Amino acid sequence: MRRSILLLVVLTGCEGLIVGDRPGPVVVGDRPSVVSPRPEERPVTSSEPNPCDGATLSVPSSPLRRLTPEQLRNTWTDLLGPAQPIAAIDAFAAPRITELEVERLADAVATIVQRGDHLSLVGCDVAGAGSDACARGFITTLGRRAFRRPLTTEELSWLTGVYTSTRALQVTPAVTFREAIDTVAQVILQAPQVTYLNERGTQPSSPGPTPLTGFERAARLSFFLWNSTPDDALLSAAETGSLDTADGMRAAVERLLASPRARTMVRRFASGWLELDPTPTHVALEKLVKSAARYPFDTPELRVAMRAESEALFERAFFDEGGSFKAVLTSRKAYLNGPLAQLYGVAGPASATTWAWVDLPEQRAGLFTRAAFLTNTAGEEWPSPTRRGTALYRRALGLALPDPPASVDNTPPKPTATTLSVRDRIEVRTQPASCRGCHAVINPLGHTLGHFDAMGQYQANDVGTQNGTPFSVAIDATAEVAAGDLEQTLTGGVELSAALAGSAQASRAMADAWLVRALQRPVGTAEACLQYRARQTLAQTDDMRALLVTLLTSDEALSISGDSP
Amino acid sequence: MTSKKLSRRLILRGLGGAAIGLPILESITTSKAYAQLTAPAAKRFLCFFEHGGTISATTRTGAKEDGSGEYQGTDGWAPASPAEALQLGPIHAPLAPHLGSLLVLRGIDNKAGWDQSPYNGDHGWANASALTSAVMTKVGTDVFAEGPSIDHVIATRLATRQPVRFASINLEVPAHNYGTPFYTAARQHASRDYNPTTAFNRIFAGVTGGASMPDPAVLRARALKKSVLDGTSAGLSGYKRQLSARDQQVIDEHLTHLRSIETRLDAASVPSVPGCTRPTVPTITGDWYGMNIQVTGPLMADLIVAAFRCGLTNVATLEIGDFYARFLNPTYPAAFDIGHSLHHSANETGRGGTMAARWQDWFDTMLANRRWRIGLLKRVLDGLAATPEGNGTMLDNSLMLWTSEFSMGAIHSVNDMPVLLAGKAGGRLRTGRHLNYNLRAATNPTTLQYQTRSSMHNLFVSILNAFDFPDTQFGSNHVWAHGPLTGLT
């Protein structure tokens, strides 16, 4: 299990979304440079200093940012119809675009336009000679939806210019009306007004906070709640001014949350929070390799089902159980098909294609005792207490791990013939003092889930062979946990889940995770007040829907600060 | 040196160029002038980068494992003999047909990585320094090089000397990794294409493979495409005006990339080059995670060869992720299907480890993995060696560098890095050799002890010199001494 320590090292090195645990302003990745590392340990008190106390409104800045690849895909699909060919756009949306990405963007819109879905927005015969007026009509219609607001005069003139100059190209045969429309459609679909999000507010030149415009609010709402571009109704609401008030915003939030798109967004949030999606350092849940000898029942379909089950649990808590975060952590309800029911050892649907809500046995409660998380944080044959503990520490508690110490000997001690259990092996490996700073915190969290094997089945013993000799040793899932505000002896996953449900730290971590999702960037000092309000909302209501309303309708959320120099 | 005949051409070049103001004979007899004038410079550069290190017996200090622990002291990278005459080790064995074009260098450290990494071998720091030897900065949780990698420096300069459609083409065999080593500038990663189909469409657009007259239909399509790019550029320029200075930089970069694509489109007619044929590339779809590298890896190698044959670029890079390939029928499991966790299993399979009984399984799996990677190089070398150029082959006029971010991946060692050169670099490299810069090996070639004063910085200077770029230093000051390596020419 040597790999675990190194994976831990790796995980700390590629952190993306950790929000630290400090009262007040928090900057992602802002950790002390470490000589003798210790995880952040600060007592959580209910009397967190209130960063919203200042006389002036403390509001987030709003740097230009690119849509995420998923948002761009959804946007094109919502503009032009389903199943747009968008595989060429990839998931590495760094702040700065690269040449290859610019080229892929151009290629993707060329492919989309070839399909011709945009032609339904042309008000005349596209196969005919067309007219400038007809082209202008097309530009105005597609432009408004794509740019998320009516075109400015300059934009209309730029795009009609593209149309006329294309028609005037000196080529043989001459450029057709359809070709000129296709050209301008490509320009619109890859325009910065589509691919970037730029918020200027109603008074861009004023130095202080400025309210977001109605159209900017519409984009906020839809990219957060639908992960896509606003629909016509939302743009109309912006146009009529109904988004200018908090009440109007709340009504819009309710409407958007009632859409199936919001359910998709919540399910994707759950998968993201559990880190089930692939990154260059971690394969997707569906592609993790498991030992066929130990887990002969494993199939690609089972992995897909695992993800669906965890997403359904989160979705149910969000939409049908009052947005309860505690329900996410403690619910024994599970949406299962036949193979999943077998894995959990419960009576359930007979086949892989029938699904039903089932009560799980008392060994399980909440998302961290479900197959998706447990499989994702385990090796090919054995569970990984380190990986599980690290995930709990980072994701569930929202705490950051420091770098390993400079002097660390990454050739840890080897387990001997008598250290057989997963727990013992990990403890031997992480015994050196230089490891304890982190592992004394991580390992116990992971050990509480020791009864769940590498695919999430419940087991009483660790069973295997070592150098040809079979062994079976009882699992000890009792651990002295001391991480964040969890300071207690916990036995098994149910107690762990209950402890997390009662943890102020965990509640704050969930609020922060939604805040990061809303911002699509790390939380900075400018967001301190908004962060505080978000944390307070969830702490007081346990309602993630209320949290989203706060993130979208509080005074801090509806304004932005002027450009920083 | 003096035993070589001075050709008439050499004398004339000495008279006309390199050393005006110096006595003729002095300029010709200094070693630098000799090297420059006896052989033309390398024409093209290839850089293969494999993630995760190699099968090496190197410890964190550079000293070798004695066999009692990890790897049981086995080294798959080192040549079979410590002698200068190269005898290929296990990983390099598939390259036997090109033995005379290879140069295995040992005893070279990534000193920029060692000196700057907070724990002397962190993935992020090792990757960012591997090809840049640069000063590095940690931004948030990511480590960035503060300068370009060697391939980009060469590409930029060669593009001036030998104009081509692409200053370089950068391809990828996508798999697990901790960050690319390829940089175009401070904190700016290079773009890599991981899909051979899109790479082909991009690189070979408009290449007809011998036809001299451009197809009117192609010209028409190009004009329409240019309209899209022009229109997009105009839009970006207008958009930029309403942004803050900070945000304008983002759009400026976008604009720069767009103009570079437009420039390529303008120069899309490729003159007929003998031997230029468009490679056959099937339609492959999927995202970064969806590539079947068993198929895409060899296609990438073919694209590189074809691009060189068609004169489309001077520089090619191939970044190979740390995969754990099922198609190689591995007999040893890796956690999470990640090549790097296979590497870390070296601890279990070493003597005294819990999996010691499966050491051979582990080694076989690792060797097959590393040989598959080397197989991609062989494919490229085969292609270049089969392409006549001047009095020799394309390989003779090329310089290939193969390296990784680690020597022994299991312990993240950045000492005694794996360095393989191939191609005679136009005659600038004496190949078919093995050079060990481990000072302790001078008296005892099989020693386990290690001491060096050579770092990747020095290697990169040597490579620049082989292209006739007179640099005396590259990268940061984390060196024992600046300057080139000795003994390569």
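Anything mentioned here points back to the structure above.
Keep in mind the model is a prediction, meaning the values are calculated, not measured.

**Focus on unusual backbone geometry**
Note: most residues except glycine have negative phi, and most peptide bonds are trans. In this model, Thr172(A) is joined to Pro173(A) through a cis peptide bond whose omega is -10°. Relative to the helices and strands, Pro173(A) resides in the loop between α5 (153-167) and α6 (177-189). Residues other than glycine seldom take positive phi values, yet Ala425(B) does so here, at roughly 55°. Within the fold, Ala425(B) resides in the loop between β12 (419-422) and β13 (433-436). Assessed through its relative accessible area of 0%, Ala425(B) is described here as buried.

**Overview of empty space enclosed by the protein**
Residues and elements named next belong to chain A. Scanning the entire structure with this criterion turns up 11 cavities of 30 Å³ or more. Volume-wise, the largest cavity comes out at about 300 Å³. As for the largest cavity, its lining consists of 19 residues, and the residues nearest its centre are Arg65, Glu199, Arg220, Ala518 and Leu519. Looking at the lining of the largest cavity, the elements with two or more residues in it are α8 (214-225), α20 (504-519) and α22 (544-553). In terms of residue count, the dominant contributor to the lining of the largest cavity is α20 (4 residues). Of the residues belonging to the lining of the largest cavity, the class tally is 10 nonpolar, 4 polar and 5 charged.

**Things to note about the interface of chain B and chain A**
At the interface, 76 residues of chain B touch 78 residues of chain A. Carbon and sulfur atoms supply 55% of the area that chain B and chain A bury against each other, a total of about 6800 Å² over both sides. At the boundary of chain B with chain A, the tally comes to 3 salt bridges. Two residues, Arg104(A) and Asp193(B), come together in a salt bridge whose shortest N-O distance is 3.5 Å. Counting the contacts that link chain B with chain A gives 16 residue pairs in polar contact (both at pLDDT 80 or more). When contributions to the side of chain B that touches chain A are tallied by element, the ones reaching two or more residues are β7 (188-189), α8 (216-240), α9 (245-266), α11 (339-344) and α12 (346-349) of chain B. In terms of residue class, the side of chain B that touches chain A is made up of 28 nonpolar, 28 polar and 20 charged.

**Considerations on the environment of Arg246(B)**
All names here are of chain B. Inspection of the secondary structure puts Arg246 in helix α9. For the pair Arg246 and His257, spaced 11 residues apart in sequence, the C-alpha separation works out to 18 Å. Polar side-chain contacts of Arg246 include one of 3.2 Å to the side chain of Asp247.

**Some details on the state of the cysteines**
Applying the stated criterion across every chain yields a total of 3 disulfides over all chains. The disulfide bridge from Cys124(A) ends at Cys134(A), spanning 2.1 Å between sulfur atoms. Linking Cys124(A) and Cys134(A), the disulfide has an S-S dihedral of approximately -95° and is accordingly described as left-handed. Placement of the pair is Cys124(A) in the loop between α3 (99-115) and α4 (132-147) and Cys134(A) in helix α4, with a sequence separation of 10 residues. Its relative accessible area of 28% is what places Cys124(A) among the partly exposed residues. The disulfide bridge from Cys276(B) ends at Cys310(B), spanning 2.0 Å between sulfur atoms. Note on the Cys276(B) and Cys310(B) pair: the S-S dihedral is about 95°, so by sign convention the disulfide is right-handed. Taken as a pair, Cys276(B) in the loop between α9 and α10 (293-309) and Cys310(B) in the loop between α10 and β8 (315-320) lie far apart in primary sequence, 34 residues in all. Side by side, Cys276(B) and Cys310(B) carry an identical accessibility label, which is buried. With cysteine numbering restricted to those in disulfides and following the sequence, chain A has the pairing 1-4, 2-3. Cys435(A) takes part in no disulfide bond, and the closest cysteine sulfur, belonging to Cys438(A), lies 9.1 Å away.

**Some remarks on the environment of Phe318(A)**
Residue and element names in this part refer to chain A. Looking at the element boundaries, Phe318 is found in helix α12 (residues 300-320). Judged by its relative accessible area of 0%, Phe318 is buried. Along the sequence, Phe318 and Gly128 sit 190 residues apart, while their C-alpha atoms lie 51 Å from each other. Once residues lying within four places of it in the same chain are set aside, the contact partners of Phe318 are Leu257, Val266, Gly323, Trp514, Met544, Arg545 and Leu548.

**Some details on the side chain of Thr296(B)**
Residues and elements named next belong to chain B. In this structure, Thr296 sits in helix α10. The class for Thr296 is buried, based on a relative accessible area of 1%. Apart from the residues lying within four places of it in its own chain, the contact partners of Thr296 are Pro196, Ile284 and Met291.

**Regarding helix α9 (residues 232-240) of chain A**
Residues and elements named next belong to chain A. Taken together, the buried positions of α9 are Leu234, Leu235, Ala237 and Ala238. The buried residues of α9 occupy one face: seen down the axis, they fall within an arc of 155°. Close packing links the buried residues of α9 with α4, α8 and α10 (246-257). After α9 finishes, the residue Gly241 shows a positive phi value of roughly 90°.

**Some words on the nonpolar core**
Counting 101 residues, the largest nonpolar core has Leu221(A), Leu225(A), Trp273(A), Phe314(A), Leu500(A) and Trp514(A) as the members making the most contacts within it. Among all residues touching Leu221(A), those that are not within four sequence positions of it are Trp226(A), Leu234(A), Leu243(A), Met249(A), Ala252(A), Val253(A), Leu256(A) and Leu552(A). Judged by nonpolar contacts, the second largest core, of 64 residues, contains Phe200(B), Met366(B), Trp402(B) and Leu420(B).

**Remarks on the pattern of salt bridges**
This structure, assessed with the given rule, holds 56 salt bridges over all chains. Notably, a salt bridge pairs Asp320(A) with Arg263(A), separated by 3.6 Å at the nearest N-O pair. Of the two residues, Asp320(A) sits in helix α12 while Arg263(A) sits in helix α11 (residues 260-273), which places them 57 residues apart along the sequence. According to the relative accessible area criterion, Arg263(A) is partly exposed, its value standing at 28%. Here Arg192(B) makes a salt bridge to Glu172(B), at a shortest N to O gap of 3.9 Å. In this pair, Arg192(B) is assigned in the loop between β7 and α7 (196-203) and Glu172(B) in strand β5 (residues 169-173), connecting sequence segments 20 residues apart. For Glu172(B), a relative accessible area of 3% gives the class buried. Because the salt bridges share partners, they merge into one network encompassing Glu70(A), Arg268(A), Asp277(A), Glu286(A) and Arg307(A).

Conventions adopted
- Residues numbered from 1 in each chain as written.
- Chains lettered and ligands numbered in written order.
- Predicted model: local features only at pLDDT ≥ 70, side-chain atom pairs only at ≥ 80, totals over all residues.
- Heavy atoms only, no water.
- Helix = DSSP H or I, 4+ residues; strand = E, 2+ residues; numbered from the N terminus.
- Buried < 20%, exposed > 50% of the residue type's maximum accessible area, 1.4 Å probe, protein only.
- 1 Å grid on protein atoms, 1.4 Å probe; cavity = no way out; pocket = protein on both sides within 12 Å on 5 of 7 lines; lining within 4 Å.
- Points joined across faces, edges and corners; volume = space filled by probe spheres on them.
- Nonpolar A, V, L, I, M, F, W, Y, C, P; charged D, E, K, R; others polar.
- Contact = heavy atoms within 4.5 Å.
- Buried area = accessible area lost by both parts, 1.4 Å probe.
- Salt bridge = Lys/Arg side-chain N within 4 Å of Asp/Glu carboxyl O.
- Polar contact = N/O pair within 3.5 Å; in protein donor to acceptor, adjacent residues only side chain to side chain.
- Disulfide = S-S within 2.5 Å.
- Arc of directions from axis to C-beta.
- Core = buried A, V, L, I, M, F, W, Y, C linked by side-chain atoms within 4.5 Å.

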